[in-house]
Amino acid sequence: MPQHRTPYFCKDPACGRPFQVNRFDAGMSCPAPAGTIACPHCGWTTSADPDTLYFTHAFSEEEEAILCGRPGKGRPAS
Ligand SMILES: [Zn+2]
């Protein structure tokens, strides 16, 4: 298996797209703000565990299609 991924769905009703969230212990001296999850698509943010750093990444088009249950895009045309 590749790296562990945690799908998270944007709570903004105008967006609602999935993205990937990687969690890190905020104990390590990192300048990134802890305790906030931000949608990479629309910029929507939500509060989360203040002791955890959350790095978010958009899924690829294929991965997003699979997560959303949309067939076709991620499959070979042949
Ligand atoms: Zn969003």
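Our subject is the structure listed above.
Just so it is clear, the structure is predicted and the values come from calculations on it, not from any experiment.

> Teacher, can you tell me more about the sheet that holds strand β2 (residues 18-25) here?
Backbone-to-backbone hydrogen bonds pair the strands of a sheet. The strands run either parallel or antiparallel. The strand order β1-β2-β5 describes an open sheet built from three strands, whose pairing is antiparallel. In the strand order of this sheet, the two ends are held by β1 (7-9) and β5 (52-58), each with one partner. Ignoring strand direction, the axes of neighbouring strands in this sheet form an average angle of 45°.

> Could you clarify how one ought to interpret the environment of Y8 in this entry?
By the secondary structure assignment, Y8 is in strand β1. The class of Y8 is partly exposed, set by 17 C-beta atoms lying within 10 Å. The residues contacting Y8, other than those within four sequence positions of it, are P18, F19, V21 and I37.

About the thresholds
- Numbering of residues starts from 1 in each chain and follows the order in which that chain's sequence is written.
- Residues qualify for local features only when their pLDDT is at least 70, as the model is predicted, and side-chain atom pairs are given and counted only at 80 or more; totals for whole chains, interfaces and linings, by contrast, use all residues.
- By the convention used here, strands pair only if DSSP detects at least 2 bridges between them.
- Comment: elements are numbered from the N terminus, with helices defined as DSSP H or I runs of at least four residues and strands as E runs of at least two.
- Axis lines are fitted through C-alpha atoms, for helices just across the contact stretch, and the angle between N-to-C directions can take any value from 0 to 180 degrees.
- A residue is called partly exposed when the number of other C-beta atoms within 10 Å of its own lies between 12 and 20, exposed at 12 or fewer, and buried at 20 or more, with C-beta atoms placed from the backbone.
- Each residue is represented by a C-beta atom placed from its backbone, and any two residues with such atoms within 7 Å are regarded as in contact.

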